[in-house]
Protein chains: 2
Amino acid sequence: MNLAALGTSAGINVAVCVVVFSLYSILRKQPSQVTVYFGRRLSTDTRKSNKLCLDRFVPSASWIVKAWKTTEDELLTTGGLDSVVFMRIIVFSLRIFSIAAITCVFIVLPVNYRGKVLGHKRIPLETLEVFTILNVQEGSKWLWTHCLALYVITFSACVLLYVEYKRITKMRLAHINGSPLNPSHFTVVVRAIPWSPEESYGDSVRKFFMKYHESSYLSHQMVYRSGRVQKLMSNARKMCKILKDVSIEQKHKPGLYHCGFCGAHSDSFKILSHESESARGKSFLIDDGYGGKRKKVCAAAFVFFKTRYAAVVTSQVLHSSNPMQWVTQLAPEPHDVYWSNLWIPYGQLWIRKIATLVAAVAFMLVFLLPVTIVQGMTHADKLQKTIPFLEGPLKRKFISQLLTGYLPSVVLIVAFYTVPPIMMLISTLEGSISRSGRKKSACFKILYFTIWNVFVMNVFTGTVMDTVGIINKLDSVKDLPAQLASAIPAQAKFFMTYVLSSGWAGLACELMQLYPLLCNFIRRYIFRMKDWAIGTMSFPYHTEIPRLLLFGFIGFTCSIMVPLILPFLLVYFTLAYFIYRNQMINVYIRKYETGGHFWPLVHNTVIFSLVMMQIIALGVFGLRQSPVSSGFTIPLVIFTFLFNQYCRQRFLPVFKNHVAEILIDMDREDEKYGRTEEIHQQLHAAYCQSPSTSPDSSMAGSYHHQEEDSIQDPENVTPGKEVSQVSPSWSIASTFGAPEAI
Amino acid sequence: MNLAALGTSAGINVAVCVVVFSLYSILRKQPSQVTVYFGRRLSTDTRKSNKLCLDRFVPSASWIVKAWKTTEDELLTTGGLDSVVFMRIIVFSLRIFSIAAITCVFIVLPVNYRGKVLGHKRIPLETLEVFTILNVQEGSKWLWTHCLALYVITFSACVLLYVEYKRITKMRLAHINGSPLNPSHFTVVVRAIPWSPEESYGDSVRKFFMKYHESSYLSHQMVYRSGRVQKLMSNARKMCKILKDVSIEQKHKPGLYHCGFCGAHSDSFKILSHESESARGKSFLIDDGYGGKRKKVCAAAFVFFKTRYAAVVTSQVLHSSNPMQWVTQLAPEPHDVYWSNLWIPYGQLWIRKIATLVAAVAFMLVFLLPVTIVQGMTHADKLQKTIPFLEGPLKRKFISQLLTGYLPSVVLIVAFYTVPPIMMLISTLEGSISRSGRKKSACFKILYFTIWNVFVMNVFTGTVMDTVGIINKLDSVKDLPAQLASAIPAQAKFFMTYVLSSGWAGLACELMQLYPLLCNFIRRYIFRMKDWAIGTMSFPYHTEIPRLLLFGFIGFTCSIMVPLILPFLLVYFTLAYFIYRNQMINVYIRKYETGGHFWPLVHNTVIFSLVMMQIIALGVFGLRQSPVSSGFTIPLVIFTFLFNQYCRQRFLPVFKNHVAEILIDMDREDEKYGRTEEIHQQLHAAYCQSPSTSPDSSMAGSYHHQEEDSIQDPENVTPGKEVSQVSPSWSIASTFGAPEAI
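Every value quoted in this text rests on a predicted model; they were computed, and no experiment measured them.

### Remarks on the overall build of chain A
Reasoning step 1: What chain A contains, in helices and strands, is 32 helices and 4 strands.
Reasoning step 2: Burial analysis of chain A (742 residues in total) assigns 47% to the buried set.
Reasoning step 3: Put simply, 82% of the contacts in chain A that link residues at least 6 apart link residues at least 24 apart.

Written out as structure tokens, the structure is:
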């Protein structure tokens, strides 16, 4: 691939981006698309504007300006701490890659270009390899520039990482401090309640906590397992609700407290009163006790405590001399609870974790197939030999360039679309009791998956086109740095086109919201359904964070060897900054908070990228026979490792546990202002399973919570406060026009 | 090496053992050696018997009978839970290797012997290889017997391990439940107290705990760092005390409460009264505050709580939003505290841990040298080539046999004597604040060290005599099982002689207590000092547990390939059973308890041994081309792994944390029987540093604790209750004669 081909590729992508952005700026002004592009706004805002003017059909950059002007505080209130953390990843990447780009383009790139290994041609026909380290001859005196760049990048990255970690830790603490009404702070999930023939689970829980935590125990609420009939009924109820919402309730403005909303105004499925409900709860228990056929109550419960500190303490201590009984952990936020997994017996969890890990690894290896095929495409000559009938078309220059320059990445991207749902399924089976936990687990898996498949596998299958050979290659761990050092520059063009296609074009897709747009189109113009509620989505952190981190990883590992990639990456991160901000303000809603829990993962990945960069540099210096540079690189690896250890000590515990100091102070504040009673009252209503399996809470109310366990598209479920307000306000907005003026 | 040579070697060792045991049974009856062989008894018992009769000079087996008759309960009271756990390791090994010996000798050994790879000779001249798996030809139909043996050993080991783990967990809980007066249950060590210019550390601690843990906070006691003058003074005091003890205080029977003993009756170093002491404490603080030169108070303190539960809770929560401040952990037992390390700033710990780990690994690699030399000796022919002048002596058969059969192990053992002190030094620098923690850390390091050096290195250096080659060999991880499978049977003779020399002879040395015996001899007959106090030792778990586990490891890995080793191992464990019991009853004292903390390490090592056995078996079946057997072995590996995971879930948490249920029940018992006040009174006196750096406790008394930081022989220090009673009673006993009748 020469510079001209790279230009073609970049040109195509720039054109695509410009077209898409213009299209977006027009589409978003159309009233019919408001559900697609303003999901979040609609859920909170109902102002209207329906002027039919020329403005609606003229592309504009107003959305970019708006995204730029939004402050971090505004983002915090609309998108929550997680969205701010997400934006910090982008800001961090922008900063570090700006530094890297300046260093590498102005210092390293000239050294590479002036190397004498490869012959020079006219600039447009110059191959990309001329700009990589492949052009630097053995024992060159100028390798110290690479070492210097390594030092600059590593130290700036560490300083920036430290600053970010400190800042996010502070934000997390402020977030906890600023949410005094969060019921999850008072609640502990107890699992593996031992079964006794004499008493029900509920009685066991009450007895146990009354005995050992009398002073702080408030009440509890059992978890129920709904049978098939219940599931069918709740599905029917859901359908019914949606239909009624659309047809009848357009005039009603919803004003009830979150859970209480679902079905509250429909006649056929009225909420049962507290008394009758708790009576039903009892009858369930009796069924369970005598018949033993309808096993409703699970060995799990939510236990409420009087103070936050008591809840945290109880969640941390070891309760029973059998560590597999009375297992406690802090409860997730009400909307974050993944009810289906609360039914899983605690004793299964460890084996589920192992099994899902094995499944994820197996999936990772099976996925080698598409990657190999993709790599085949980047080497047209090899492909020609393997599949002879392609010889004709491949001789045409344009097709060949398209095939080698653009198509491989597209195939890879399409194949990658299957990964998040599968990883999410695996993470669901793992047994996390919170949606955020499941998402975080999926995020981990997808991250490792992408790094493994895009990076390692591409690097190695790229050089020799056989899958079996990889294993033999990975055998000699000692030679790995050298192999990487020689393989990565050779794969420069793949990484560049990957940044262009998967990066730039991927962002354009994200902005256009292709799938919801298509759904909306089909519903509107084919099925002619004008008022159809689309579930608003929460931000897909589990797919977007790995994507950003992968580009960061590619950036770090390539920076010294292929500096030409850095400007493209900078453009990517700049686009990402505006587009994701826009999406967070307009499209996605916040359903629950992890409280910045994604950051440690990000930190670790960046550290991993840095170490990989250094190891590959070691390989480079080894191949180029520059012992001095190698000698200077080793302390850098040690420094990075020590820095990581220090950060683990300094910041990580805050992400793993709640800080006692803060919780105690909050408890005292509550007491001081007499809020305690009020909070305790609200607690009982906070956690509620689906109405058909109402709580056996010792004091619980009977608010309801929509319970979803769809696996394939878990983010399209619509539980909770914000969602409950979506459909009516949406219909109002869509009737009255475009929300550009909102 | 043939059977005759093995016979010679075994014969020498049996003879040595018989002689040593006879000598021991005579020596222990001599009044002059009573300090060597009855250290523990002397410290608690003062009955006497000085009959000069013929019995004293006739060898007897009475000590074996006595060791056999001692019940586990008696052992528990004399040696504590740790000694029982240690004996359980031996019992477990005896059981599993009995099963393995029966299986392998009766099923596997005949199959090996009837193999046709090697030619047969007359039985005495038969080489050892004939009895190993080397004699089984490729594709043999009889390899299923090896697979069967593998199954039998793995499943019996798992069942036995489970039973032991359960039993020891129960014992641990009973031990905690049975020690209501243990001050460590009420005490938390706080480190990294933030420094403020306005107030002293002591005031900070008081303020912090009064603010956040008002209801449960009782008092605290600061930790002081003694300067050089203090150290000199305390050394002088120690010398003075010893001299006085011997010369004056023989008539005093010590009856004071532990710490209060040291120096209590001497005139020159009287205990200062409570008032003056606390005044001194204040003056220290002022010195610290104004001068800043004599930094006495450390940023660490012992904080006492009213209940056990409160202490456990406080030790577990995260106190500050800066996780590197106000770090808490449960305090070790008073005699277990390693005061010198309490002075280390908390911020250094993480880097110390990394540095010591690196140091340990470096030491491990440097130690390759003696191992290589040793291996050279087992191959006389190779040695002959390397060092030509040895050619003459090596031609004589006896010298050659001695050199190849016995000497290598002796050299190795001597070299190994340097390992425990060095590892102990490294573990001390690691910064553990308890002696038991330090010992456990050293135990870990010594274990990895021995397994690495004795096993892995011997196996690989044995086949090719170059050290550099090893690294290249370890490169291809995939071929490791096959390499091990071919190398281990070839090293059969080394392992056998190692069991004979290091195992049997090592036990004999342990029984004879060579070093104390020598010291005693020198003091008595050369310096003519009749009454010299030898510090009584606590049991060296950190050297003995790795030794046992190493033999277990060798047993497991060799069982299938070299079944002939199993009878020797069984003899070793039987001897160990009697000798260690005898030593625990008579020689060693208990200074502190870890509460069975060594067992998880043992469990993990056994699991590791099992997995190694299976992996090596995989290699064997691979080499012998038996895919069916290989296929049956893989599920076994998975099963072992899952079993380990289950045990981690089921038992490990009890060893890491205290159980809230039990502690709360104990607290209630105390309250019920009105013991609370009494316990609180005792708490203040429990933890006391050396008298020169007396506490700034808000309520503390002024008892003293002998503070030692000798590194090289850390177990010879004599702090605490039992030790304080040693010297006087010893002098009485040694005056009146042999304690055979005790």
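### Focus on helix α30 (residues 676-686) of chain A
Reasoning step 1: Along α30 of chain A, the residues that are buried comprise Ile679, Leu683, His684, Ala685 and Ala686 of chain A.
Reasoning step 2: As for α30 of chain A, its buried residues are in contact with β2 (217-224), β3 (297-305) and α29 (660-672) of chain A.

### A word on unusual backbone geometry
Residues and elements named next belong to chain A.
Reasoning step 1: A positive phi is found at glutamine 513, a non-glycine position, where the angle reads about 55°.
Reasoning step 2: Taking the number of C-beta atoms within 10 Å as the measure of exposure, glutamine 513 has 21 and is therefore buried.
Reasoning step 3: Located in the positive-phi region is glutamine 625, a residue other than glycine, with phi close to 55°.
Reasoning step 4: With respect to the helices and strands, the residue glutamine 625 is situated in the loop between α26 (599-623) and α27 (627-650).
Reasoning step 5: The class of glutamine 625 is partly exposed, set by 13 C-beta atoms lying within 10 Å.

### A few points about the sheet that holds β3 of chain A
One key point about sheets: their strands pair by backbone hydrogen bonds, in either a parallel or an antiparallel sense.
Residues and elements named next belong to chain A.
Reasoning step 1: With respect to topology, 4 strands assemble into an open sheet ordered β2-β3-β1-β4, the strand pairing being antiparallel. Of all the strands in the sheet, just β2 and β4 (327-330) have a single pairing partner and so form its edges. The sheet shows a mean angle of 25° between the axes of neighbouring strands, direction not considered.
Reasoning step 2: Summarising the sheet, strand β1 (residues 187-191) and β3 pair through 4 bridges and their orientation is antiparallel. Across the sheet, residue valine 189 finds its bridge partner in β3, namely phenylalanine 302.
Reasoning step 3: Contacting β1, β2 and β3, helix α7 (residues 201-212) runs over the sheet at an angle of about 155° to β2.

### What to know about the interface of chain B and chain A
Reports often express the size of an interface as the amount of accessible area lost when the parts come together.
Reasoning step 1: Taken together, the contacts link 28 residues of chain B with 28 residues of chain A.
Reasoning step 2: Elements that contribute at least two residues to the side of chain B that touches chain A include exactly α10 (308-316), α12 (346-366), α27 (627-650), α28 (652-656) and α29 (660-672) of chain B.
Reasoning step 3: Ranked by the residues each element gives to the side of chain B that touches chain A, the list is headed by α29 of chain B, at 4 residues.
Reasoning step 4: Class assignment for the residues of the side of chain B that touches chain A results in 16 nonpolar, 8 polar and 4 charged.

### Quick notes on the pairing of β2 of chain A
Residue and element names in this part refer to chain A.
Reasoning step 1: A large share of β2 lies buried, amounting to 7 of its 8 residues.
Reasoning step 2: Across 6 bridges, β2 lies against β3 in antiparallel orientation. Considered in β3, the bridge of tyrosine 224 is made with valine 297.

### Regarding the relation of the copies chain B and chain A
Reasoning step 1: Structural alignment of chain B on chain A gives an RMSD of 0.0 Å, achieved by rotating through 180° and translating 0.0 Å along the axis. On this basis, the relationship between the two copies can be described by a two-fold rotation axis.
Reasoning step 2: Most of the interface of chain B is mirrored in chain A, where 100% of its interface residues again form contacts.

### Some points on the sheet that holds strand β1 (residues 187-191) of chain B
Residues and elements named next belong to chain B.
Reasoning step 1: The antiparallel open sheet is built from 4 strands, whose spatial order is β2-β3-β1-β4. Strands with a single pairing partner mark the edges of an open sheet, and in this sheet they are β2 (217-224) and β4 (327-330). Sheet twist, expressed as the average angle between the axes of neighbouring strands with direction ignored, equals 25°.
Reasoning step 2: Pairing analysis gives 4 bridges linking β1 to β4, with the strands arranged antiparallel. Opposite valine 190, over in β4, you have threonine 328 as the bridge partner.
Reasoning step 3: Relative to the sheet, α10 contacts β1, β3 (297-305) and β4, its axis offset from that of β4 by approximately 140°.

### Digging into the packing of α26 of chain A against α27 of chain A
Residues and elements named next belong to chain A.
Reasoning step 1: At a minimum axis distance of 9 Å, the contact between α26 and α27 shows a crossing angle of 170°. Judged by the inter-axis angle, α26 sits roughly antiparallel to α27. Within the contact between the two elements, α26 uses His603, Ile607, Leu610, Val611, Gln614, Ala617, Leu618, Phe621 and Gly622 and α27 uses Ser629, Ser630, Thr633, Leu636, Val637, Thr640, Asn644 and Cys647.
Reasoning step 2: Partitioning the contact of α26 with α27 into residue classes produces 9 nonpolar, 8 polar and no charged.

The rules behind these values
Residues numbered from 1 in each chain as written. Chains lettered and ligands numbered in written order. Predicted model: local features only at pLDDT ≥ 70, side-chain atom pairs only at ≥ 80, totals over all residues. Helix = DSSP H or I, 4+ residues; strand = E, 2+ residues; numbered from the N terminus. Buried ≥ 20, exposed ≤ 12 C-beta atoms within 10 Å, placed from the backbone. Contact = placed C-beta atoms within 7 Å. Pairing = 2+ DSSP bridges. Axes fitted to C-alpha atoms, helices over the stretch in contact; angles between N-to-C directions. Nonpolar A, V, L, I, M, F, W, Y, C, P; charged D, E, K, R; others polar. Least-squares fit on C-alpha atoms with pLDDT ≥ 70 in both. Parallel < 35°, antiparallel > 145°, perpendicular 65-115°, else oblique.

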